[in-house]
Amino acid sequence: MSDTGTPPVIPADLQQYDSYEIDPKWQVKFTIIWTTALALFALITLPSILRGCRRWMEELFGITENWHDKYTRVGDEKKESYFGGGLLLPPRPKRVIVARILSTMGSVFYWTPPGIGLNVGQMILIAGYAAVVVVCICTSAELVTNPNRAGFLVLAQLTPVFLFSSKNTALSLLLPPFFAYTRLNVLHRWASRTLFLAALLHGSLWINNHLVWDIQILGQQKETSGVAAFGVLCAIVLTSLRPVRAWAWGIFYWVHFLAVPAFFITVCYHTIYAPPWIFPPIAIYAFDLLMRAGRFRLKDARLVPVDDEMTIIHIPDCDGGFQAGQHLRLRVFFGGRMFESHPLSIISAPSSSSGSTTCLTAADMDAYYRSDCNSLIIQASANESGTVQGPGILLGARAVGDWTKALNKHARDWIRESVIVNDKDENVTGAPSMTKVRKVMPMSVPVHVLFDGPYGGCSIDLWTFDRVLLVAGGSGATFAIGCMDALVALCARPPPPGLHAPRTRKIHFVWCMRSFGYLNWFAPLLRAIARTAAAASVRLTMTAYVTCMCSPEEVDVPGLVVRIGGRPDVSRLVRGVAVGHIGTTTRGSEEDLCTCGCVDEALKAQEEDEDEESLAGDVEKGKGVVRGQKQESVGVCASGPETMIREATNAVAGYAVEGREVGFHAEVFAM
């Protein structure tokens, strides 16, 4: 055969675009970009990771019970357990300056515009993620004639979508609470929406090409399976919108549970390039299920219906493996609703010698029970050696949804039936009156619970700040009281030799609620924390803002100041706490006051007290800041509805931008 020479080379501009060779390379590029960004964040938080290594090891396998030392008294802890195994270094001038610079730079990311539900930092992350996706789809791609690039990027986004949604991943287990799944879930939602838009672009352009070239859309396996996969994806996205999550959580859950596997199956039928990108999400989900299985605990618990709006769930014999401010996914076996799990914040701090101790004991729970009730809690208040036991885990479920209302009703009905049985034993006929039922309430109701966790937690170390402000709205007090319990107990413990005591010297707890009667929800816990603070070197003040006095029950909590009014100005609270003015005279809004006249007399007396304190020069009216005083570092935790969180976030941002050292954590109670 004669040699014809080197074959001619087709110019690059005349070569046909090979989607199956070029587009997979952009999948790899996209994966490298988002994993590099994630590694950079992990590198920045490396010091926090090293400090929390001991706590991570203790919480890896969930809640534990200490069989040897049921409770560690304040002052009797092991040296290595102080600050959870970490060392607190004294504040140096250079370190304080660096902290203030970082606080000022980070304050920009706290700003939260109204109506969006995202702060500036989250918007930057979401915009950056979307920009990377757009660049990877559009760069050197002939989308109009061959829109495969968008389809390839759909597959590449499956891994981050699952990574940001799973409760137990390397991010949530190894990294600080800042990377908890509750904080990453917003990235999961927006990454899912970006994935959906890429699938919409891919599918719509292919359908357009079929219409232009008069090609049948349905009939062939590739086209039919592609339309089916996109239909399943539409169902997932539509049922994940906020109205569906808020009003039909069951539909949202079961559609996700059933439709995601269906999407994986149909997309594998659609393209042979899908399986390599399906395995990582499956592995992430399998690891999540494995960790959940190892963290599941089946325990005996007691329900305490404080009133018709709050149910205290007491799980004894849970001593460690969690931190104050974390939450559990709880299932309660009652009324055939054992398959429903709900997140509830832990009110109490751990009572084992690992981590922090608590101000609470099992005896503090006695106030929730009848004096003649044979409660397991009262019987277990002391062990054989006479050492006082801790309270275990306390959870608070406010009756606002179907499940929480049913739980409260179950507990109250059980008590009513018990009263009827007692009346029969005493030869008393007829149903018990509501007056008698109220007299015997609350008492404990035995149930079985199944939970996994803990998850989340406070993202800042409160004991590293000179002053701490805890702001809670409604049932958000469960998170704030847990953090306050751990912080007060920590400040009350003498530091071991060679270690420095916590910096915190002043704590201010602000609770905004609708009715004065809500104070009874956690009054026994607040009294115990106040007693510990009174004997320690920390100053604790508590202020309750109420809008209704229709239930004026007496609540005896040392140091608690009750104010008439709605939510106070959080910005004024932050500045007041920073200069040492605790802010008990900070006035709340009068827009949401009860109109039945129950607050008129109390409001008039409150205004007279405010006038006297203003004349005495205690507060600079309208500002709440005493000028010329030293402003120290402030740690702020806000927990409650989104509107309050947005106000607190903007208040902290406005304060930090002035060059102040401030830390902030937000716990949003919303779907």
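Here the structure is a predicted model, which is why all the values come from computation and not from measurement.

What is the right way to read the confidence of the model for the protein from this model?
Fine structural detail should not be taken from predicted coordinates in areas where pLDDT scores are low. Looking at the protein, pLDDT values average 77 and 71% of them are 70 or higher. Segment residues 370-387 is flagged for pLDDT under 50; beyond a separation of four residues in sequence, or across chains, it makes 30 contacts in the model. Throughout residues 433-441 the model reports pLDDT below 50, and contacts reaching past four residues in sequence, or to other chains, amount to ten contacts.

Can you help me understand the packing of helix α1 (residues 19-44) against helix α5 (residues 120-138) in this one?
Between two packed helices, both the angle of their axes relative to each other and the distance between the axes serve to describe the pair. Packing of α1 against α5 brings their axes to within 9 Å, and their N-to-C directions diverge by 160°. Between α1 and α5, the angle falls in the class roughly antiparallel. You can see that α1 and α5 cross each other, and the crossing is right-handed. Every residue of α5 that contacts α1 at Trp26, Phe30, Ile33 and Phe41 is listed here: Leu125, Tyr129, Val132, Val133, Val135 and Cys136. Among the residues making up the contact of α1 with α5, the classes are represented as ten nonpolar, no polar and no charged.

Looking at this structure, how should I read the pairing of strand β5 (residues 393-398)?
Residues in a regular strand point their side chains to alternate faces of the sheet. The buried fraction of β5 is high, at six of six residues. Here β5 shows no split at all, with Ile393, Leu395 and Ala397 on one side and Leu394, Gly396 and Arg398 on the other all buried. Here six bridges tie strand β2 (residues 310-315) to β5, and the two strands are oriented antiparallel to one another. Across the sheet, the residue bridging to Thr311 is Ala397, located in β5.

Help me out: how do you make sense of unusual backbone geometry in this one?
Where the residue is not glycine, phi is negative for most of them; where a peptide bond is considered, it is trans in most cases. In this structure, the amide linkage connecting Gly453 to the following residue, Pro454, adopts the cis form with an omega of 10°. Along the chain, the position of Pro454 falls in strand β6 (residues 445-456). Its identity as a non-glycine residue notwithstanding, Ser140 has a phi of 50°, on the positive side. For Ser140, the location among the structural elements is in the loop between α5 and α6 (148-156). Despite not being glycine, Asp317 has its phi angle at roughly 60°, a positive value. Assignment of secondary structure puts Asp317 in the loop between β2 and β3 (326-332).

Sorry, what's going on with the nonpolar core here?
Note that soluble globular proteins tend to have their nonpolar side chains buried in a common cluster. Core analysis: the largest hydrophobic core is formed by 54 residues, its most contacted members being Met484, Phe509 and Phe522. Secondary-structure elements contributing two or more residues to this core are β1 (297-307), β2, β7 (467-473), α17 (477-492), β8 (506-515), α18 (523-534), β9 (539-548) and β10 (560-564). With ten residues, α17 is the largest single contributor of residues to this core. Residue contacts for Met484: discarding those within four places in its chain leaves Leu470, Phe509, Leu526, Ile529, Leu540 and Met542. Phe30, Tyr129, Ala198 and Trp277 belong to the second largest nonpolar core, which has 46 residues in total.

What exactly am I supposed to notice about α6 here?
Note: α-helices contain 3.6 residues per turn, so residues at a spacing of three or four share the same orientation. Most of α6 sits out of view: nine of its nine residues are buried. Buried within α6 we find Asn148, Arg149, Ala150, Gly151, Phe152, Leu153, Val154, Leu155 and Ala156. On its buried side, α6 packs onto α1, α5, α7 (158-163), α9 (181-212), α12 (249-270) and α13 (275-295).

Looking at this structure, I do not really get the pattern of salt bridges. What am I missing?
It is possible for side chains of opposite charge to pair when their charged atoms get near one another. Taken as a whole and assessed by the stated rule, the structure comprises nine salt bridges. Notably, a salt bridge pairs Asp23 with Arg149, separated by 2.6 Å at the nearest N-O pair. Note that Asp23 is positioned in helix α1 and Arg149 in helix α6, a separation of 126 residues in sequence. Using a relative accessible area of 0% as the deciding quantity, one classes Arg149 as buried. For the salt bridge of Arg416 with Asp413, the shortest nitrogen-to-oxygen distance reads 3.5 Å. In this pair, Arg416 and Asp413 both sit in helix α15 (residues 402-425), three residues apart, roughly one turn of the helix.

Just checking my understanding: could you explain the side chain of Asp485 for this structure?
Checked against the element boundaries, Asp485 lands in helix α17. Within the structure, the side chain of Asp485 is placed 2.7 Å from the backbone nitrogen of Cys359, a separation counted as a polar contact. When near neighbours in sequence (up to four residues on either side) are disregarded, Asp485 contacts Ser348, Ala349, Thr358, Cys359, Leu360 and Ile529.

Just checking my understanding: could you explain the pairing of strand β11 (residues 634-640) for this structure?
Counting buried residues along β11, seven of its seven residues qualify, which places the element largely inside the surrounding structure. Of the two faces of β11, the one lined by Val634, Val636, Ala638 and Gly640 and the one lined by Gly635, Cys637 and Ser639 are each fully buried. As judged from the seven bridges shared by β11 and strand β12 (residues 662-668), these two strands associate in the parallel manner. Among the inter-strand pairings, Ala638 is bridged to a residue of β12, identified as Ala666. With helix α21 (residues 642-656) bridging β11 and its parallel neighbour β12, the resulting β-α-β unit is right-handed.

Please explain the packing of aromatic side chains as it appears in this structure.
To describe a pair of aromatic rings, one takes the distance between the centres and the angle between the planes. All told, the structure shown has 17 aromatic pairs when counted by the stated rule. Plain terms: the ring middles of Phe30 and Tyr129 are 5.8 Å apart, the flat faces sit at 75° to each other, and that makes the pair edge-to-face. Note that Phe30 is positioned in helix α1 and Tyr129 in helix α5, a separation of 99 residues in sequence. Using a relative accessible area of 0% as the deciding quantity, one classes Phe30 as buried. Measuring from centroid to centroid gives 6.3 Å for Phe263 and Phe264, while their planes differ by 50°, and the two rings are tilted. These aromatic residues form a ring-pair network of at least three members: Phe509, Trp511, Tyr518, Trp521 and Phe522. Positioned above the aromatic ring of Trp26, the side-chain terminus of Lys29 is 4.0 Å from the ring centre. Between Arg193 and the ring centre of Trp190, over which it is positioned, the NZ or CZ distance is 4.7 Å.

Where do I start with the environment of Arg189 in this structure?
Mapped onto the elements of the fold, Arg189 is located in helix α9. Given a relative accessible area of 28%, Arg189 falls into the partly exposed group. Separated by 51 residues in the primary sequence, Arg189 and Ser240 place their C-alpha atoms 8.5 Å from one another.

What counts, and where the lines are drawn
Residues numbered from 1 in each chain as written. Predicted model: local features only at pLDDT ≥ 70, side-chain atom pairs only at ≥ 80, totals over all residues. Heavy atoms only, no water. pLDDT = per-residue confidence, 0-100. Contact = heavy atoms within 4.5 Å. Axes fitted to C-alpha atoms, helices over the stretch in contact; angles between N-to-C directions. Helix = DSSP H or I, 4+ residues; strand = E, 2+ residues; numbered from the N terminus. Parallel < 35°, antiparallel > 145°, perpendicular 65-115°, else oblique. Left-handed = near helix turned anticlockwise from the far one by under 90°. Nonpolar A, V, L, I, M, F, W, Y, C, P; charged D, E, K, R; others polar. Buried < 20%, exposed > 50% of the residue type's maximum accessible area, 1.4 Å probe, protein only. Pairing = 2+ DSSP bridges. Core = buried A, V, L, I, M, F, W, Y, C linked by side-chain atoms within 4.5 Å. Salt bridge = Lys/Arg side-chain N within 4 Å of Asp/Glu carboxyl O. Polar contact = N/O pair within 3.5 Å; in protein donor to acceptor, adjacent residues only side chain to side chain. Right-handed = clockwise from strand over helix to strand, strands pointing away. Phe/Tyr/Trp six-rings, centres within 6.5 Å; stacked < 30°, edge-to-face > 60°. Lys NZ or Arg CZ within 6 Å of the ring centre and 35° of its normal.

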